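Survey of secondary and tertiary structure
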There are 2 protein chains.
Amino acid sequence: MGQSNGTEAVRPLRGEEERAWRALARALVVVPRVLEADLHAACGVTMTEYFVLVNLSEAPERRLRMSELADRGAMSLSAISRVVDALARRGLVERARCPSDGRGFLAVLTDAGLTLLEVAYPAHLRSVRAHVMRHLQGLDLEQFAQAVGRFARFDEDAARP
Amino acid sequence: MGQSNGTEAVRPLRGEEERAWRALARALVVVPRVLEADLHAACGVTMTEYFVLVNLSEAPERRLRMSELADRGAMSLSAISRVVDALARRGLVERARCPSDGRGFLAVLTDAGLTLLEVAYPAHLRSVRAHVMRHLQGLDLEQFAQAVGRFARFDEDAARP
DNA sequence: GGAGTATACTTGCTTTTGCAAGCATCTATC
DNA sequence: GATAGATGCTTGCAAAAGCAAGTATACTCC
C-alpha cells in the first residue's frame, strides 16, 4: 500500500531469519494442501466447506448470516455464497431468509450436516495434530500464538521494522 | 492417507494449542494474500512469477529446467509451464531447449527480468519484514524454523502424536 | 410516505491451478 | 539398431475464488 517507493536498500534477512522465513514460506504452501487432501479423503469436503460446517455447528441454533461466515473466514461473500449453495445441494445445510432483515440469508446446518461433521471433525483434528501441532512440541505455545497472530495485521505492521 | 478410520475419539486441542492453531490457520490464509497484494502493487507480478524470477536469478547462467522450478516451488509442472509462458510473453524470461536432454526446456532470465527483480526484491523483502519477521522478535528463530520446517513432512508426521 | 442512498447477497466473468491425456524424446533390452 | 517403456513438458478441462455489476431490501431525510 502506501509504503516507500520500493527501490531503496533494505537489509537482507540474516541467516537465522532467512531459515525461519524459508520454513514458513514452504509451510504456507504445503500445509493447506495436505490438510485439504486429508479432509477430502476422510469425508469428501473441501476446507472451506468444512469451515462453514464447523462454524454453523458452533453457532446458536446452528445458523449464521452469510456475511458473518465471510467475516470469520476471511473469504469473500461471493465465495461463501457458492459454498453454501454447494452444501445445500448436498443437503448438508439449508438456506433461510433472515427474519430480522429481508436482505439477509441464513445458512442452517442440517442433521445430515451434523452427522458428516462427526466424521470430519476428528479426521481434521488428527490431521492437524499429525502435520502441525506435533511439531510444535517444546515451543512456548503462547508466545508462538501471539507472534503468529500478529502476522499481517493492518494496524501493527505498517510501521518500520 | 492410510490413517485409521476417522471416527475414533481424538483428544481435542488444549487451550494453548487451540490458540496456536487458530493463529496459524489465520496466517495461512492471510499472509499469502497480503504478500501477493504488496508485490503486485510494487511491480505487477504474482508470487509464483516472482518465485520463478528469483530462482532463475540465483541459478548458474540464470537458467533452470522446468522440472527443477516445479520441485523447488512445490508447484505442478503445468503451473510452471504456464507461468513461464506468461513471463516469456512479457520478455522477462526466454525459453530454450535443454542441450543435454531434448525433452527438457530451460527458462532463462533476461536482462529485463533482472531489472524487474531489482524493484521486486526489495519490495518483497520489506513486505516480508513488515508483515512477518517483525513479529517474530523475541522468539528463538532457529527453534521456530526447525519446528515449522517439519510441518507436513511425509516422513515425520505419519506417526502418532 | 417517497426519493435517494446504503447494505446483503447473487451471478457473470476472469484468473489460477491441478489432474489427466497427449506428444516428443530418451533409455534399456533384446 | 529396433522396439517398449519411462520421462519431460504441454495442453484441455474442470474447480475454486475474487472482482464488479446486478437485484432486492432496508434505512434516512425531507
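For the structure, see preceding data.
Quick look at the structure, then. Since this is a predicted model, take the numbers as computed values, not measurements.

1. Focus: the protein's contact with DNA strand C
Taken together, the neighbourhood of DNA strand C is formed by 21 residues, with A:Ser81, A:Arg82, A:Arg95, B:Ser76 and B:Gly102 sitting nearest. When atoms of DNA strand C within 4 Å of the protein are sorted by moiety, sugar and phosphate together comprise 60%. A distance of 3.0 Å is found between a phosphate oxygen of DNA strand C and a side-chain nitrogen or oxygen belonging to A:Arg65. The contact in question runs from a base nitrogen of DNA strand C to an N or O atom on the side chain of B:Ser78, over 3.2 Å. Among the elements of the structure, α3 (66–73) and α4 (77–89) of chain A together with α4 (77–89) of chain B are those that each provide at least two residues to the surface near DNA strand C. The element best represented in the surface near DNA strand C is α4(A), accounting for four residues. For the surface near DNA strand C, the class distribution of residues is four nonpolar, nine polar and eight charged.

2. Quick word on the pattern of salt bridges
The tally for this structure, following the rule as stated, stands at 23 salt bridges over all chains. A salt bridge links B:Arg65 to B:Asp101; the nearest nitrogen and oxygen atoms lie 3.9 Å apart. Note that B:Arg65 is positioned in strand β1 (residues 63–65) and B:Asp101 in the loop between β2 (93–97) and β3 (105–109), a separation of 36 residues in sequence. Using a relative accessible area of 27% as the deciding quantity, one classes B:Arg65 as partly exposed. By sharing partners, the salt bridges in this structure join A:Arg14, A:Glu16, A:Glu17 and B:Arg129 into a single network.

Scoring rules and cut-offs
- Residues numbered from 1 in each chain as written.
- Chains lettered and ligands numbered in written order.
- Predicted model: local features only at pLDDT ≥ 70, side-chain atom pairs only at ≥ 80, totals over all residues.
- Heavy atoms only, no water.
- Near = heavy atom within 4 Å.
- Polar contact = N/O pair within 3.5 Å; in protein donor to acceptor, adjacent residues only side chain to side chain.
- Helix = DSSP H or I, 4+ residues; strand = E, 2+ residues; numbered from the N terminus.
- Nonpolar A, V, L, I, M, F, W, Y, C, P; charged D, E, K, R; others polar.
- Salt bridge = Lys/Arg side-chain N within 4 Å of Asp/Glu carboxyl O.
- Buried < 20%, exposed > 50% of the residue type's maximum accessible area, 1.4 Å probe, protein only.

It is worth stressing that arrangement in space is one thing and function is another; only the former is reported here.
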